[in-house]
Amino acid sequence: MRERVDVRGALADVAGVNDFFRVDTNPAEAADPTWRPLTDLWTDPAPMADRITHVARVLGGDAGPVDDRIAASVAMQGLAARVLSAPLAVAVLHDVVPALTAADVHWRVSVTGPWPLWVADPGFLAGPGLDAADLGAALADLLVDEHLAPLVDAVRALVGVSPRTLWGNAASSVAAGRRLVGNGRPHVAARAARIAAVVLDHPALAAAGERLAPVPPDVGWTFRRRSCCLYYKAPGGGTCGDCVLTGR
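Residues numbered from 1 in each chain as written. Predicted model: local features only at pLDDT ≥ 70, side-chain atom pairs only at ≥ 80, totals over all residues. Heavy atoms only, no water.

Turning next to the nonpolar core. Core analysis: the largest hydrophobic core is formed by 77 residues, its most contacted members being Leu-11, Met-48, Met-76, Leu-139, Leu-148, Val-155 and Trp-221. Counting residues per element, this core draws most heavily on helix α4 (residues 68–94), at 16 residues. Once you skip the residues sitting within four places of it in the chain, Leu-148 turns out to touch Ala-80, Leu-84, Leu-143, Trp-167 and Ala-170. (Core = buried A, V, L, I, M, F, W, Y, C linked by side-chain atoms within 4.5 Å. Buried < 20%, exposed > 50% of the residue type's maximum accessible area, 1.4 Å probe, protein only. Helix = DSSP H or I, 4+ residues; strand = E, 2+ residues; numbered from the N terminus. Contact = heavy atoms within 4.5 Å.)

To continue, consider the environment of His-147. Mapped onto the fold, His-147 is located in helix α5 (residues 132–156). Taking the relative accessible area as the measure of exposure, His-147 reaches 2% and is therefore buried. Along the sequence, His-147 and Trp-167 sit 20 residues apart, while their C-alpha atoms lie 12 Å from each other.

Turning our attention to the packing of aromatic side chains. Tallied over the entire structure, the rule returns 2 aromatic pairs. With centroids separated by 4.6 Å and ring planes inclined at 15°, the aromatic side chains of Trp-107 and Trp-115 adopt a geometry described as stacked. Across this residue pair, the class does not change: Trp-107 and Trp-115 are buried. For Arg-178, the ring lying beneath its charged end belongs to Trp-221, and the centroid distance is 3.8 Å. Over the face of the ring belonging to Trp-221 we find Arg-211, whose NZ or CZ atom lies 5.8 Å from the ring centre. (Phe/Tyr/Trp six-rings, centres within 6.5 Å; stacked < 30°, edge-to-face > 60°. Lys NZ or Arg CZ within 6 Å of the ring centre and 35° of its normal.)

In this section: the pattern of salt bridges. Summed over all chains, the structure comprises 12 salt bridges. Here Asp-95 ties to Arg-191 by a salt bridge, and the two come within 3.1 Å at their closest N and O atoms. One end of the pair, Asp-95, is in the loop between α4 and β2 (97–98); the other, Arg-191, is in helix α7 (residues 189–200), and 96 residues separate them in sequence. In the salt-bridge network here, residues are joined through shared partners; they are Glu-29, Asp-32 and Arg-108. (Salt bridge = Lys/Arg side-chain N within 4 Å of Asp/Glu carboxyl O.)

So, on to the state of the cysteines. The tally for this structure, following the rule as stated, stands at 0 disulfides. Free cysteine: Cys-229, not disulfide-bonded; nearest cysteine sulfur from Cys-240 at 4.2 Å. (Disulfide = S-S within 2.5 Å.)

Further remarks concern the side chain of Thr-101. Looking at the element boundaries, Thr-101 is found in the loop between β2 and β3 (105–107). Ignoring anything within four residues of it in the chain, the contact list for Thr-101 reads Leu-142, Glu-146 and His-147.

This next bit is on unusual backbone geometry. For the bond from Gly-127 to Pro-128, the omega torsion is -10°, close enough to zero to count as cis. Tracing the backbone shows Pro-128 in the loop between β5 (124–126) and α5. Omega for the peptide link from Pro-216 to Pro-217 comes to 15°, which places this bond in the cis form. The backbone of Asp-95 shows a phi angle near 65°, a positive value even though the residue is not glycine. Judged by relative accessible area, which is 21%, Asp-95 ranks as partly exposed. Although it is not a glycine, Leu-230 sits at a positive phi angle of roughly 80°.

Fair warning: the whole summary comes from geometry, so function is off the table for now.
Structure, rendered in structure tokens:
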């Protein structure tokens, strides 16, 4: 008999790590018609185009909107971080891969910050009882197949930004999520590093960067990507800590 897992409780727990890890599970939200499944982002180009336009205006400020490629890259990285952070944290802290598929997870527009996410009745896909390697592999398949690959395709259908850049953004978001979990819950920092390393070894992500000797506060390894998110091209922008340009 399959073990029962309180995925709703696990999501409530990881929401305390950081706002990017928050996925609402309130059943009352089902009555709100503004929630749309993530799959709509892959089939309806309008919301993604609007988000990229919004990010272009925010990044450009008084200088006017930035180039669409910069905005598309930054928008994609923010969305990637949102959809992968909660599953990663649940896997690390609660030993299961939650069933947060693109059809299960819903979003709605926000112009004041990251888009909020909601899921009605969360179950789980893998675990508990798996070792870090098997749990990480199941998590990687969920993230790449359900979220990251469709997100890359949806952005590239609108803006001609390099897939190397977008997959670098995805890998960077995995590494950043691992760091945030470890910083918020130091007792699982080493486990977070093991599971995230397996995710980064997925064929879709493996070429996006490398794991180097850890630089505090990192535990286990520090990530260095092989591309740049283009933020340095925005007015007042700069390079991120894991950027390929850092130190050059």
